[in-house]
Amino acid sequence: MTQTRNSAAILTIILVSYFMILLDNSVIFTALPALAADLGLGQGELAWVQDTYTLVFGGLLLLGARAGDILGRRRVFVFGLVVFSVASLLIALAPAAWWLISARALQGVGAAIVAPSALSLLTASFDGPERDRAVAWYAATAGIGASLGMLVGGAAATLLSWRAGFWINVPIGTAMIALAPRFLPETDAAPGRFDVIGAITSTLGIGSLVFGLLHGSEAGWGDPVTIGSFAASLVLLVAFVIAESRAAQPIMPLRLFRSRIRTGAYLVRLTYLGAMIGFFYFTTQFLQGVLGLTALQAGLAFLPMTLVNFAVALCIPRLVARLGGRAPLVVGILFTAGGMLWLSRLGIDSSYLTGVALPMLLIGAGQGLAFAPMTSFGIADTSPHDAGAASGIVNTFHQVGMSLGLGVLVAIAAASDTSGATARAALAGEVSAALTAATGFLIAALVLALALILPSARASRTDAAEGGSTRHSLTTSPTRTLEA
């Protein structure tokens, strides 16, 4: 088998496996009404179908990344696929709420193992321009995964059953489990032990933060359990930082935050994903609750965004080679913010074409431009030894950003003044309020990119011009290639 075919197989396995995770993170949205009717779920149980997955996924990401470093990334990757696929099977067979919610938690465990391992395997498997292209495909998968999940979930719920959206992962996961040992390279297991204190404090700290956000959006931010969760999270995360500063082999090396570019990329990802989860969550509700679309029609309604996103993402390697990563990132955030602001003007009289489809084109183009540089900057200039940890941090900020964003936006929507309005008008008002706040998240992402990534990119060019050794690229190519 030629090296080209090996490279194609490696990239395909990584992207398909990552897509499985993205699919199940969004497939549930358009399927929720059918799922609730089938199992007789109340609003609280329905919320935890998604929230349990988010809670476990976000809490275990750093531990999953470190496991790959110590035990070998391919071995851990395959184990995560097994867990995720078995959990998908259990969800598809769920006879009751407790079974479904428990299986979603198990699925979160698998996702927390697969996600960082996928990105670190990609980083370890490709070099130079080949890595630039691989990262672009990875970012394109991240960008279109959520919108395609909406389509798959809606089609499954309308034409077959909500369970079909989870059955899909069983044959796909089985195929990836069979192919991964054949094609994926195994990384050397790092000598040493697990950072037990770091693993416990990070998992419980992030888990408490996510739980507080989810619980607060339901029970209120002044609820004792919400306050207690945030307090526990603060204590645990402070303890985690202290532990990492002293650990010989930390689960999250603090040296990764010495780079302004990487730190900026993490914070931009946090705020950007906080906006995007609100976009999917509230736009889906508007399409079904205000425009009266079916689950399948709501899924199809996201196609304009998906197609534009994919087309733009394919052009990213050439754009980055010519312009660097900074310009596509900034323009991408601007496009996304413009589309979100347009979408936030939704009302009860809005039409799909002008109120939803056209702003989706801007959002899709923005995602296609922003995701690859955002990912590249997050793992820029990391050694093979730190690749797993950097990948874990990227995914942690991704997941916590979604949890934080959803919790805040749900609270803002609930607090919007819709008294005396009809049900449809009240929902439209809540969606508008939430998407307006999501626009604010994107403005914050833009400010962070300009404040942290732009100056660092300029400094990199200055260092290169003066013959310095500073390099902020994923690859061995010149600094200009990625400006990362």
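Structure's up top.
The text that follows walks through the structure, step by step, so that each part is easy to find. This one's a predicted model, so the numbers in the text were calculated from it and none came from an experiment. (Residues numbered from 1 in each chain as written. Predicted model: local features only at pLDDT ≥ 70, side-chain atom pairs only at ≥ 80, totals over all residues. Heavy atoms only, no water.)

## Concerning the pattern of salt bridges
Right, on to step 1. Evaluated as defined, the whole model comprises one salt bridge.
Right, on to step 2. Measuring nitrogen to oxygen at the nearest pair gives 3.2 Å for the salt bridge that ties Asp-38 to Arg-163. Taken together, the residues span a long stretch of sequence, with Asp-38 in helix 1 (residues 3–39) and Arg-163 in the loop between helix 5 (128–160) and helix 6 (164–167) at a distance of 125 residues.
Right, on to step 3. Classification of Asp-38 as partly exposed rests on a relative accessible area of 42%.
Right, on to step 4. Exposure remark for Arg-163: the relative accessible area of 18% places this residue in the buried category. (Salt bridge = Lys/Arg side-chain N within 4 Å of Asp/Glu carboxyl O. Helix = DSSP H or I, 4+ residues; strand = E, 2+ residues; numbered from the N terminus. Buried < 20%, exposed > 50% of the residue type's maximum accessible area, 1.4 Å probe, protein only.)

## Structural notes on a nonpolar patch on the surface
Right, on to step 1. On the surface, Leu-71, Phe-194, Val-196, Ile-200 and Leu-204 cluster together into a nonpolar patch covering about 440 Å² of accessible area.
Right, on to step 2. Take the nonpolar patch: its biggest share by element is three residues, from helix 8 (residues 196–219).
Right, on to step 3. Among the secondary structure elements, Ile-200 is positioned in helix 8.
Right, on to step 4. Residue Ile-200 is classed as partly exposed on the basis of its relative accessible area of 47%. (Patch = residues over 30% accessible without salt bridge, like charges linked within 9 Å, V, L, I, M, F, W, Y side chains within 5 Å. Areas by Shrake-Rupley, 256 points an atom, 1.4 Å probe, with all protein chains shown as cover.)

## Section: helix 12 (residues 303–323)
Right, on to step 1. Taking 1.5 Å as the rise per residue, helix 12 with 21 residues should run 30 Å; its terminal C-alpha atoms sit 29 Å apart, in good agreement.
Right, on to step 2. At Ile-316, helix 12 shows its largest bend, some 40°, and a proline, Pro-317, comes one to four positions later.
Right, on to step 3. Of the positions making up helix 12, those classed as buried are Met-305, Thr-306, Asn-309, Val-312, Ala-313, Ile-316 and Val-320.
Right, on to step 4. Two residues or fewer after helix 12 comes Gly-324, characterised by a positive phi angle close to 85°. (Expected span 1.5 Å × (residues − 1). Bend = angle between axes of the 7 residues up to and from the residue.)

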